[in-house]
Amino acid sequence: MSTLSTPAGAPPAQRRAPVRPARVLLHVFLAGTALAWLAPLLWAVFSALRPYGETSAKGYVSWPDTLTLENFTNAFEQSDMLHYFGNTLLIAVPAVLLTLFLSSMVAFYVSRFDFRLNLALLLVFTAGNLLPQQVIITPLYRMYLLTDLPGITASGKLYDSALGLVLIHVAFQSGFCAFVLSNYMRSLPHELTEAALVDGASAWRLYWQITLPLCKPAMAALATLLSIWIYNDFFWALVLISTGDNMPITSALNNLSGQYFTDPNLVAAGALLTAIPTLIVYFLLQRQFVSGLTLGSAKG
């Protein structure tokens, strides 16, 4: 039987480095942190799969006799979830698109053109994110009540309309997006702008056909964050919407609570169902989201 000979001068087999206690403690800490984050989700799944009669008789900390998807079907039907999904889609999609469009225009102007109030203008947009929502809710509520939009919204006013929620989300999220996009646009080579201007390109063409396509990773990361933030909003919908049929999906869980009795297992199933669209958005844009978060990490 022939054997392979070791080439002359080849280094001897290296021994595996011993595992250091600090590394073991690090892995234990990371595993514990991951379990701490996953524990509420796993508990909600466990509760949603059990009938309420069983948990009320044996307690939640007990071995299950029956696991069923009945709570999920009941939650979907009783809360009229499909209708509220449509309401949320009607609010989230225009809000995300408008926010990205307007904030990218602001970012393009403050990052690619030099003028005296360049930084001040960006700070004005960013400062809007530092203002707590609860501080302006009273004057904003009055303004929505006094703004008449006959023929545009079903209520005839800005209050109690999807348009009102879209506008408030655009107003509050544009500052953060403008700040992120302006920082990214500043990292783009200025030679692109100068060459386009020499060729006679207008400012709109410079923004739409040259700068914006290069910002796709940052735009995808922001689109993921905006979709999750707007989808999970509860405060603005609670204050600026009064008609139950006009509320978004976060308010659909209220339909699962009775006046005298609430089934926690049913509510857990409904909460898990409402989380599915955000997971879909994240998994669809996962690669762009991660690449957007790491932009500039390898630059000096």
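Check the entry above for the structure.
Note that the structure is a prediction, hence the values are computed from the model and not measured.

**Student:** For this particular structure, what's the right way to read the overall build of the protein?
**Tutor:** Of the regular secondary structure elements, the protein holds 13 helices and zero strands. Ordering the α and β elements of the protein from the N terminus gives α-α-α-α-α-α-α-α-α-α-α-α-α. Taken against the 2.2 N^0.38 rule, which gives 19 Å for 300 residues, the C-alpha radius of gyration of the protein at 27 Å runs more than 25% over that of a compact globule. Dimensions of the protein, computed from C-alpha atoms along their principal axes, come out at roughly 85 × 75 × 35 Å. Buried positions account for 33% of the 300 residues belonging to the protein. In the protein, the share of contacts with a sequence separation of at least 24, taken over all contacts with a separation of at least 6, comes to 71%. As presented, the protein carries roughly 18,900 Å² of accessible surface, and 68% of it is formed by carbon and sulfur atoms. Taking the average place of the 15 positive charges on the side chains of the protein and the average place of its 14 negative ones, the gap between the two points comes to 18 Å.

**Student:** What am I meant to see in the packing of helix α3 (residues 70-78) against helix α12 (residues 264-284) here?
**Tutor:** Helix packing geometry: the angle between the two helix axes and the distance between the axes. As a packed pair, α3 and α12 sit with axes 8 Å apart at the nearest point and diverge in direction by 75 degrees. In terms of orientation, α3 lies roughly perpendicular with respect to α12. Across the interface between the two elements, N71, F72, N74, A75, F76 and Q78 of α3 pack against N265, L266, A269, G270, L272 and L273 of α12. Residues of the contact of α3 with α12, tallied by class, amount to seven nonpolar, five polar and no charged.

**Student:** Looking at this structure, I do not really get the packing of aromatic side chains. What am I missing?
**Tutor:** Two descriptors summarise a pair of aromatic rings, namely the distance from one centre to the other and the angle between the planes of the rings. For the structure shown, the criterion picks out twelve aromatic pairs. Plain terms: the ring middles of F108 and F113 are 5.6 Å apart, the flat faces sit at 85 degrees to each other, and that makes the pair edge-to-face. Looking at F108, the relative accessible area reads 5%, which means it is buried. Between the aromatic rings of W204 and Y207, the centroid separation amounts to 5.5 Å while the plane-to-plane angle is 50 degrees, which identifies the pairing as tilted. Within this pair, W204 and its partner Y207 are both found in helix α9 (residues 203-214), separated by three residues, close to a single helical turn. Of the residues examined, W204 reaches a relative accessible area of 46% and is grouped as partly exposed. You can call Y207 buried: its relative accessible area is 2%. By the ring-pair criterion, three or more aromatic residues cluster together here, those being F108, Y109, F113, W204, Y207 and W208.

**Student:** Hey, could you run me through unusual backbone geometry in this one?
**Tutor:** Most peptide bonds take the trans form, and the phi angle of most residues other than glycine is negative. In this structure, D80 is a non-glycine residue whose phi angle is positive, near 50 degrees. Its location among the elements puts D80 in the loop between α3 and α4 (81-112). Taking the relative accessible area as the measure of exposure, D80 reaches 41% and is therefore partly exposed. The phi angle at D160 is positive, at roughly 60 degrees, despite the residue not being glycine. Summarising the element assignment, D160 is placed in the loop between α6 (133-146) and α7 (162-186).

**Student:** Sorry if this is basic, but what is going on with the packing of α7 against helix α10 (residues 216-231) here?
**Tutor:** Following both chains from N to C, one finds α7 and α10 inclined at 160 degrees, their axes separated by 11 Å at the closest point. Taken together, the axes of α7 and α10 are roughly antiparallel relative to one another. Between α7 and α10 lies a crossing of right-handed hand. Counting all contacts with α7, which are made through H169, Q173, F176, C177, V180, L181 and Y184, the residues of α10 involved are A218, M219, L222, L225, L226, W229 and I230. Each residue belonging to the contact of α7 with α10 can be placed in one class, and the counts come to twelve nonpolar, two polar and no charged.

Thresholds, definitions, all that
Residues numbered from 1 in each chain as written. Predicted model: local features only at pLDDT ≥ 70, side-chain atom pairs only at ≥ 80, totals over all residues. Heavy atoms only, no water. Helix = DSSP H or I, 4+ residues; strand = E, 2+ residues; numbered from the N terminus. Rg over C-alpha atoms; globule rule 2.2 N^0.38 Å. Buried < 20%, exposed > 50% of the residue type's maximum accessible area, 1.4 Å probe, protein only. Contact = heavy atoms within 4.5 Å. Areas by Shrake-Rupley, 256 points an atom, 1.4 Å probe, with all protein chains shown as cover. Lys, Arg positive; Asp, Glu negative; His and termini not counted. Charge placed at Lys NZ, Arg CZ, Asp CG, Glu CD. Axes fitted to C-alpha atoms, helices over the stretch in contact; angles between N-to-C directions. Parallel < 35°, antiparallel > 145°, perpendicular 65-115°, else oblique. Nonpolar A, V, L, I, M, F, W, Y, C, P; charged D, E, K, R; others polar. Phe/Tyr/Trp six-rings, centres within 6.5 Å; stacked < 30°, edge-to-face > 60°. Left-handed = near helix turned anticlockwise from the far one by under 90°.

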